[in-house]
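Geometric and topological summary
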Amino acid sequence: MAMQVSPFPNRFAAGLHAVGWALILPCFWFLDRLIAVCMSTTLEQTQRLEQECYLYPLKVLFGSICFFVLFLATAPLALLGFLIWAPLQACRRPFAYHRETPSSPERETNRGFELVGKATFGFATANLCLLPDCLARFNNLGHTQRRAAAIGHRIVQGVSRPNIRIFVDSPSSCGTISTSNSLLTTANSTYGAMGNQANPPVTDCSDVNSVGGEVPIPNSGSYAFNTPGDDTEESSTESPTPLVNTNQNSNQQDRTGHRSAPRVLRSQGLGQGDDVPWEVSSLFPANVDILCLEEVFDKRAAQKLTDALRPLYGHILYDVGVYAFQPPSRCSSFKFFNSGLFLASRFPVMEAQYHCFPNSRGEDALAAKGLLSAKVLIGQNQKGKKVVGYFNCTHLHAPEGEGEIRCDQLNMVTKWIAEFQAASKQPDEVVVFDVLCGDFNFDNCSPDDVREQNHSLFEDYRDPCRAGPGKEKPWVIGTLMEQPTMYEEDVRTPENLQRTLETEEVRKQFISPPVAAPGCPLVYPEPGQPWIGRRIDYILYRESSVANHCRTEIEEFTYVTQLAGLTDHIPVGLRLNVIMDSLTNEDLSTEEE
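Residues numbered from 1 in each chain as written. Predicted model: local features only at pLDDT ≥ 70, side-chain atom pairs only at ≥ 80, totals over all residues. Heavy atoms only, no water.

1. Description of the overall build of the protein
Heads up, the condition is: Helix and strand assignments follow DSSP, with helices taken as H or I runs no shorter than four residues and strands as E runs no shorter than two, numbered in order from the N terminus. Using a 1.4 Å probe on the protein chains alone, a residue whose accessible area is under 20% of its type maximum counts as buried, one over 50% counts as exposed, and one in between counts as partly exposed. Throughout, a contact is declared for two residues whenever any of their heavy atoms are within 4.5 Å. Here, Shrake-Rupley sampling with a 1.4 Å probe gives the accessible areas, and only protein chains in the shown set may cover a residue.
Helix and strand counts for the protein come out as 15 helices and 19 strands. Here the protein holds 593 residues, and the buried ones make up 59% of them. Expressed as a percentage of contacts within the protein between residues at least 6 apart in sequence, the contacts between residues at least 24 apart total 79%. Only carbon and sulfur atoms are counted for the fraction: they give 56% of the accessible area of the protein, which is about 24200 Å².

Put into structure tokens, the structure is as follows:
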């Protein structure tokens, strides 16, 4: 049965909710502007110095007075709207669902994977910090609506390119393709940049046009590559085979006018005894099948992202979470914001479930952080059984030094995922992937995070970047950036951030360092170990819950720099190969039991 689009049980409740929110929004917006006008990002401060602008104090003074008067004038209407809006949250489903009618059946019901016995699935996650503008500025990020439009456009630009991989036979020929010798002309314009404007975007995007061109979008084209070691079964001389993703559709899009540079794999980890091919890319991985975004708290920003992504992702869960007062057993305190989770999938969502963490404290208790679990339909196998996948995304407690809360939340995540899969799995279904991703707000190198690093979750789900508790693999890169230096020249553009991440001595200036345990001096890194920094954005996968005749292999892990200047996190991507053993297909029903 298809999922309901509206989060409300009927149109009357949805209409009443819309009226209540319309009464609240003007007051909320004026309060947002009142605070935002008094706070500047470091980028705005630099621009004012370059322009020798001395009228800013007057702008702050008169802007504050104006927005404060308007805030007071609209407060009575907001109170009335709140009295309508708050009670309706009791009957609201904790997410809205956007479903786009596919232009062709192949976009959703992929065919051919049961014949070749192999499928590939791409996943990506990113924390976007799309809070109301006044709150985003505490993280040195502003202009939430403009950033949302720019982020949506950049994701589409990266994901919609063809998945072309170049392999090099000789290790001696490895290197990094610089901007000058890449196959695409690049522009180094950034969000909020003054003066030179970016080149016209590769694809058309109404959301970017609607902001009057104030958010230039660079055409990124810098790639890194190395030899893939022993992974030679996908040589560029081989003819492509049909897989479960939509590579073929993206290639068709490229033939209709899109021009994209070929994708080049970086696999230095293979030369270090590691089995994980990886790269630092200035573009999002091509053909990401499921995208998980965190901190999409602002409703208008969520709508901009939905409008930008829906041509590629026909199934989107947004506005995930609960609001207002909730039963004490479900959530703690009053919820001003939703969970911030946002899920975009190329595959139809069969079932979805959300749980709110009941143990949040401090400022985190204002948001309905929790877990979103979804079951997606991939297609059917030769026996007529449905091929499905499970995808889970979460955002854990943020404040440092409160590891016991995060550990409790990890316990809840493990329990809720098990319950959801037990309740939703059907006898006529074959599970081919089980993925958990999100912003965990702890890393695998900080002494202050030892409790979380040893959690049993990592015995169940595999972390491609983790060598063990408290120890990362040598090629790993931190994903949390230092907010004060986000707009420095070395990290301001996707290409510059890519080069910075690839150089250990440079990246340590811009990636957040580990957190020391209370009362103990920090010694990092240990002698002979690389400097990694805080990696708090994770993509994990589990093999024990997939069908017995399926084997999972990592095709590549990606650090993405395409959102440079738009967020304080570095997005990550993971592509999994699922190999189906045809010999056991005959006994599939027996194995599933």
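2. Some points on the sheet that holds strand β11 (residues 349–356)
Inclusion rule: Strand pairing is defined by DSSP finding a minimum of two bridges between the two strands. Throughout, an axis means a line fitted to C-alpha atoms (over the contacting stretch in the case of helices), and angles, computed between N-to-C directions, take values from 0 to 180 degrees.
One open sheet accounts for five strands, arranged β11-β12-β13-β14-β17; its pairing is mixed. The sheet is open, and its two borders are formed by β11 and β17 (537–541), each paired with just one other strand. Within this sheet the neighbouring strands show an average axis-to-axis angle of 15 degrees, counted without direction. Where strand β13 (residues 386–395) and strand β14 (residues 429–439) come together, 10 bridges link them in parallel fashion. Within β14, the position partnered with Thr-394 by the bridge is Gly-438. Helix α10 (residues 403–424) contacts β11, β12 (370–380), β13 and β14 of the sheet and is inclined by roughly 35 degrees relative to β12.

3. Observations concerning the pairing of strand β10 (residues 342–345)
On β10, burial covers both faces: Phe-342 and Ala-344 on one face and Leu-343 and Ser-345 on the other are all buried. Relative to β10, strand β8 (residues 290–294) runs antiparallel, the two sharing four bridges. Across the sheet, residue Leu-293 finds its bridge partner in β10, namely Phe-342. In the sheet, strand β9 (residues 315–318) pairs with β10 via three bridges, with the strands oriented antiparallel. Opposite His-315, over in β10, you have Ser-345 as the bridge partner.

4. Comments concerning the sheet that holds β8
Pairing within the open sheet is mixed, and its eight strands lie in the order β1-β9-β10-β8-β2-β19-β18-β7. Each of the sheet's edge strands pairs with one partner strand only, and the pair in question is β1 (96–99) and β7 (278–281). For this sheet the average axis-to-axis angle between neighbouring strands, irrespective of direction, equals 15 degrees.

5. Remarks on the nonpolar core
The criterion, for reference: By nonpolar core we mean a set of buried residues, namely Ala, Val, Leu, Ile, Met, Phe, Trp, Tyr and Cys, connected to one another through side-chain atoms within 4.5 Å.
One finds Leu-317, Val-432 and Tyr-559 to be the most contacted residues of the largest nonpolar core, which totals 61 residues. One finds Leu-128, Leu-130, Val-288 and Ala-302 within the second-largest nonpolar core, a separate group that totals 29 residues.

6. Considering a nonpolar patch on the surface
Note the following rule: Residues enter patches when their relative accessible area tops 30% and they take part in no salt bridge; the joining distance is 9 Å for like charges and 5 Å for the nonpolar side chains Val, Leu, Ile, Met, Phe, Trp and Tyr. What makes a salt bridge here is a side-chain nitrogen of Lys or Arg within 4 Å of a carboxyl oxygen of Asp or Glu, nothing more.
Nonpolar side chains collect at one region of the surface, where Leu-55, Leu-58, Leu-61, Phe-62, Ile-65 and Val-69 lie side by side and expose about 610 Å² of accessible area between them. With respect to the helices and strands, the residue Ile-65 is situated in helix α3 (residues 56–88). Judged by its relative accessible area of 47%, Ile-65 is partly exposed.

7. A word on the packing of helix α6 (residues 144–159) against helix α9 (residues 299–309)
To be explicit about the condition: Note that the term roughly parallel is reserved for angles under 35 degrees, roughly antiparallel for angles over 145, roughly perpendicular for angles of 65 to 115, and oblique for everything else. We call a crossing left-handed when the near helix sits turned anticlockwise from the far one by less than a right angle, and right-handed when that turn is clockwise.
Viewed as axis vectors pointing N to C, α6 and α9 meet at an angle of 20 degrees, and their least axial separation amounts to 9 Å. In this view, α6 runs roughly parallel relative to α9, as classed from their interaxial angle. Of the two possible hands of crossing, α6 and α9 adopt the one that is right-handed. Along the contact surface, α6 presents Thr-144, Gln-145, Ala-148, Ala-149, Ile-151, Gly-152, His-153, Ile-155 and Val-156, while α9 presents Arg-300, Ala-301, Lys-304, Leu-305, Ala-308 and Leu-309.

8. Details of the environment of Ile-405
Tracing the backbone shows Ile-405 in helix α10. Separated by 48 residues in sequence, Ile-405 and Phe-357 place their C-alpha atoms 9.8 Å apart. In this view, Ile-405 contacts Asn-359, Arg-361 and His-397; residues no more than four positions away in its chain are not counted.

9. So, the pattern of salt bridges
Opposite charge on two side chains makes pairing possible when the charged atoms of those side chains draw close. Summed over all chains, the structure comprises 23 salt bridges. The salt bridge involving Arg-535 is made with Glu-472; its shortest N-O contact spans 2.8 Å. With a gap of 63 residues between them, Arg-535 in the loop between α14 (504–507) and β17 and Glu-472 in strand β16 (residues 471–472) connect regions that are remote in the sequence. Side by side, Arg-535 and Glu-472 carry an identical accessibility label, which is buried. Across the pair Arg-551 and Glu-553 runs a salt bridge, and its minimum N-O distance is 3.4 Å. One network of salt bridges, with partners in common, ties together Glu-400, Arg-406, Asp-443, Asp-449, Glu-452 and Arg-534.

10. Quick notes on the packing of aromatic side chains
The description of an aromatic ring pair rests on the distance of the ring centres and on the angle between the ring planes. For the record, the criterion: Two aromatic rings from Phe, Tyr or Trp, using only the six-membered ring of Trp, form a pair when their centres are within 6.5 Å; if the ring planes differ by under 30 degrees the pair is stacked, by over 60 it is edge-to-face, and anything between is tilted. We call a charge positioned above a ring when the Lys NZ or Arg CZ atom is no farther than 6 Å from the ring centre and deviates by at most 35 degrees from the ring normal.
Using the criterion set out here, one finds 25 aromatic pairs in the structure. Ring centres 6.5 Å apart and planes at 65 degrees place the aromatic pair Trp-475 and Tyr-559 in the edge-to-face group. Within this pair, whereas Trp-475 is found in the loop between β16 and α13 (494–501), its partner Tyr-559 is found in strand β18 (residues 550–560), the two being separated by 84 residues in sequence. One residue, Lys-299, lies across the ring of Tyr-323, its end atom 4.9 Å from the ring centre.

11. Brief notes about the confidence of the model for the protein
In low-pLDDT segments, the atomic positions of the prediction should not be examined closely. Here is the rule we go by: Every residue carries a pLDDT, the predictor's confidence in it, which falls somewhere between 0 and 100.
In the predicted model, the protein carries a mean pLDDT of 81, and 76% of its residues have values of at least 70. Of all helices and strands in the protein, the one with the weakest mean pLDDT is strand β5 (residues 223–225) (35), whereas β17 scores best (98). In this model, residues 169–273 is a region of pLDDT below 50 whose contacts with residues beyond four sequence positions or in other chains number 246 contacts. In this model residues 583–593 is a low-confidence stretch, pLDDT under 50, and it forms 17 contacts with partners more than four residues away in sequence or in other chains.

12. Quick notes on the packing of helix α1 (residues 11–36) against α3
For the record, the criterion: Gly is put with the polar residues, along with every residue not named as nonpolar or charged; the nonpolar set is Ala, Val, Leu, Ile, Met, Phe, Trp, Tyr, Cys and Pro, and the charged set is Asp, Glu, Lys and Arg.
Where α1 contacts α3, the two axes come as close as 7 Å, and the packing angle between them is 155 degrees. Comparing the axis directions of α1 and α3 gives the class roughly antiparallel. Where α1 crosses over α3, the two elements pack in a sense that is left-handed. Classifying every residue of the contact of α1 with α3 by side-chain character gives 23 nonpolar, five polar and one charged.

13. Describing α6
What counts is decided by this rule: For a helix, the expected span equals 1.5 Å multiplied by the residue count minus one.
In this model, α6 (16 residues) spans 22 Å end to end at C-alpha, consistent with the 22 Å of a helix rising 1.5 Å per residue. For α6, the buried fraction is high: 15 of the 16 residues fall into the buried class.

14. With respect to the pairing of β17
Of all five residues that make up β17, five are buried, and the element is covered over most of its length. Taking every second residue as pointing to the same face, both faces of β17 are buried, with Asp-537, Ile-539 and Tyr-541 on one and Tyr-538 and Leu-540 on the other. Pairing of β14 with β17 involves five bridges; the strand directions are antiparallel. Bridge assignment links Leu-436 to a residue of β17, and that residue is Leu-540.

15. Some remarks on the environment of Glu-404
Here Glu-404 is to be found in helix α10. C-alpha of Glu-404 to C-alpha of Glu-452: the two residues are 48 residues apart in sequence and 8.0 Å apart in space. In this structure, Glu-404 is in contact with Arg-361 and Arg-451, ignoring residues within four places of it in sequence.

16. Description of unusual backbone geometry
Here Tyr-524 and Pro-525 are connected by a cis peptide whose omega angle stands at -10 degrees. Looking at the secondary structure, you find Pro-525 in the loop between α14 and β17. If you check the backbone angles, His-143 has positive phi at about 55 degrees while not being a glycine. For His-143, the position within the fold is in the loop between α5 (133–136) and α6. Taking the relative accessible area as the measure of exposure, His-143 reaches 23% and is therefore partly exposed. Here the phi dihedral of Asn-287 falls at roughly 60 degrees; this positive angle occurs in a residue that is not glycine. Assignment of secondary structure puts Asn-287 in the loop between β7 and β8.

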